[in-house]
Amino acid sequence: MSVTLRKLKENFGGALFDLGSAFGDDFAVVHKDRIVEVSQALRDDPDLRYNFLIDVTAVDYPQRRPRFEVVYHFFSLPLRHRVRLKAPVDGSDPEVPSLVPLWKGADWFEREVWDMFGIRFAGHPDLRRILMYDGFEGHPLRKDYPVNRRQPRVGPRN
Amino acid sequence: MALNTPAGGFFASRLDRMIGWARKYSIFQYPFVTACCGMEYMATACSHYDVDRFGAGMPRFSPRQADVLFVVGTISHKLAPTLKMIYDQMCEPKWVVAFGVCTCTGGFYDNYATVMGIDTIIPVDVYIPGCPPRPETVLDGLMKLQEKIQMGGGGQGSGNWAADN
């Protein structure tokens, strides 16, 4: 077991649903309300030093309860190791705490997740669409967004 | 040297033909480049293939100075109003070339974000298929555009021509 998983298990055992290693990469499934403190520990622990938030994204599992999973990828530039955190989020009113206070780079990632999946980030300074345009209805990467739905801004001429 | 004019002192000629000939060798293009097709556009424009041979060697980056709108690359719904505005800003006579399969039909995209062919927004004169089109295809499309300009056709999407792939 890697030092990351050991530390997570020791310090945050109660906040974890699952942890392990898949295809050579560590992962942990974290309660969404504890995601900020777990991330901060990953960043500030001198044995871990995950100083680089690579990506924030989400997955829609329409058959699962809870429906969404927000996925965070961390990398440690000084120690050259990486870990993936996953936070299950309920589908009816999806909201997770924002990581912008810890990593400025989380800003646009979280806006993209909001735009594509409609998951809100509590505490985000400017949560609005980033890829789609104003007036776009719905969140296109949700599985229940109709695959043929088009919202053109300039009408079909033909 | 005395001009051999018919009685009455007028020329029997085709002014529109001469204007068409002049226009087809002074194409000022506006490259509306959004995606990977742009690399192939640049390859065509540079010395190896050299669009200057066709009098199209001077791209203008203001639509008000351009005759031909080259739409090069995928157009998203977010960008569509901008493309329409650029087209509206161009002076008559004007022509539009759809460069690459994304601008022709949407290409392999069929999703919430992509315009399924720019001819749903603005009229198109010449379609150049390919993903991306080879420079030879582009030159073929350019020559077809010249032919169309010579014939006095075009602007306003009068008849749609396609480059041979």
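Above this text sits the structure in question.
Computed from a prediction, not measured in an experiment: that's the story for all the values here.

A. Summary view of the overall build of chain A. A tally of regular secondary structure across chain A gives three helices and seven strands. Taken from N to C terminus, the helices and strands of chain A fall in the order α-β-β-α-β-β-β-β-α-β. If you sum the accessible surface of chain A, you get close to 8,500 Å²; carbon and sulfur atoms cover 50% of it. Positive and negative side-chain charges in chain A, numbering 25 and 23 respectively, have mean positions lying 4 Å apart.

B. Main features of the overall build of chain B. Scanning chain B from terminus to terminus reveals five helices and five strands. Beginning at the N terminus, the succession of helices and strands in chain B can be written as α-β-α-β-α-β-α-β-α-β. A buried classification covers 44% of the 165 residues belonging to chain B. Sequence separation of 24 or more characterises 76% of the internal contacts of chain B that already satisfy a separation of 6 or more.

C. Highlighting the sheet that holds strand S3 (residues 52-60) of chain A. Residue and element names in this part refer to chain A. Ordered by their spatial adjacency, five strands build an open sheet running S1-S2-S5-S4-S3, and the pairing between neighbours is mixed. Every other strand in the sheet has two partners, leaving strand S1 (16-22) and S3 as the edge strands with one partner each. The average angle at which neighbouring strand axes cross in this sheet is 20°, direction not considered. Summarising the sheet, strand S4 (residues 68-76) and strand S5 (residues 81-89) pair through nine bridges and their orientation is antiparallel. Looking across to S5, one finds that Phe68 is bridged to Val89. Lying on the sheet, helix H1 (residues 3-12) is in contact with S1, strand S2 (25-30) and S5; it crosses S1 at an angle near 170°. Relative to the sheet, helix H2 (residues 35-44) contacts S2, S4 and S5, its axis offset from that of S5 by approximately 175°.

D. Structural detail: a nonpolar patch on the surface. Residue and element names in this part refer to chain B. A cluster of nonpolar side chains, namely Leu15, Met18 and Ile19, defines an oily patch on the protein surface of about 310 Å² accessible area. Note on placement: Leu15 falls in helix H1 (residues 15-24). Under the relative-accessibility criterion, Leu15 is labelled exposed at 59%.

E. Local environment of the side chain of Lys7 of chain A. Structurally, Lys7 of chain A is set in helix H1. A residue is classified by how much of its surface remains accessible, and Lys7 of chain A, at 18% relative accessible area, is buried.

F. Representation of the packing of aromatic side chains. Here the structure, examined in full by the defined rule, presents 11 aromatic pairs over all chains. Aromatic side chains Phe74 of chain A and Trp103 of chain A sit 5.1 Å apart centroid to centroid with 45° between the ring planes, which places their arrangement in the tilted category. Of this pair, Phe74 of chain A sits in strand S4 while Trp103 of chain A sits in the loop between strand S6 (95-97) and helix H3 (106-117), and the two are 29 residues apart along the sequence. In terms of burial, Phe74 of chain A and Trp103 of chain A fall into one category: buried. On the basis of an interplanar angle of 75° and a centroid distance of 6.0 Å, the ring pair of Trp21 of chain B and Tyr25 of chain B is categorised as edge-to-face. We classify Tyr25 of chain B as partly exposed; its relative accessible area is 40%.

G. Examining the pattern of salt bridges more closely. Evaluated as defined, the whole model comprises 19 salt bridges over all chains. Linking Lys7 of chain A and Asp45 of chain A is a salt bridge whose minimum nitrogen-to-oxygen distance equals 3.2 Å. Note that Lys7 of chain A is positioned in helix H1 and Asp45 of chain A in the loop between H2 and S3, a separation of 38 residues in sequence. Comparing Lys7 of chain A with Asp45 of chain A shows no difference in burial state: the two are buried. Salt-bridge contacts for Arg134 of chain B lead to Glu136 of chain B; the nearest nitrogen and oxygen are separated by 3.1 Å.

The rules behind the values
Residues numbered from 1 in each chain as written. Chains lettered and ligands numbered in written order. Predicted model: local features only at pLDDT ≥ 70, side-chain atom pairs only at ≥ 80, totals over all residues. Heavy atoms only, no water. Helix = DSSP H or I, 4+ residues; strand = E, 2+ residues; numbered from the N terminus. Areas by Shrake-Rupley, 256 points an atom, 1.4 Å probe, with all protein chains shown as cover. Lys, Arg positive; Asp, Glu negative; His and termini not counted. Charge placed at Lys NZ, Arg CZ, Asp CG, Glu CD. Buried < 20%, exposed > 50% of the residue type's maximum accessible area, 1.4 Å probe, protein only. Contact = heavy atoms within 4.5 Å. Pairing = 2+ DSSP bridges. Axes fitted to C-alpha atoms, helices over the stretch in contact; angles between N-to-C directions. Patch = residues over 30% accessible without salt bridge, like charges linked within 9 Å, V, L, I, M, F, W, Y side chains within 5 Å. Salt bridge = Lys/Arg side-chain N within 4 Å of Asp/Glu carboxyl O. Phe/Tyr/Trp six-rings, centres within 6.5 Å; stacked < 30°, edge-to-face > 60°.

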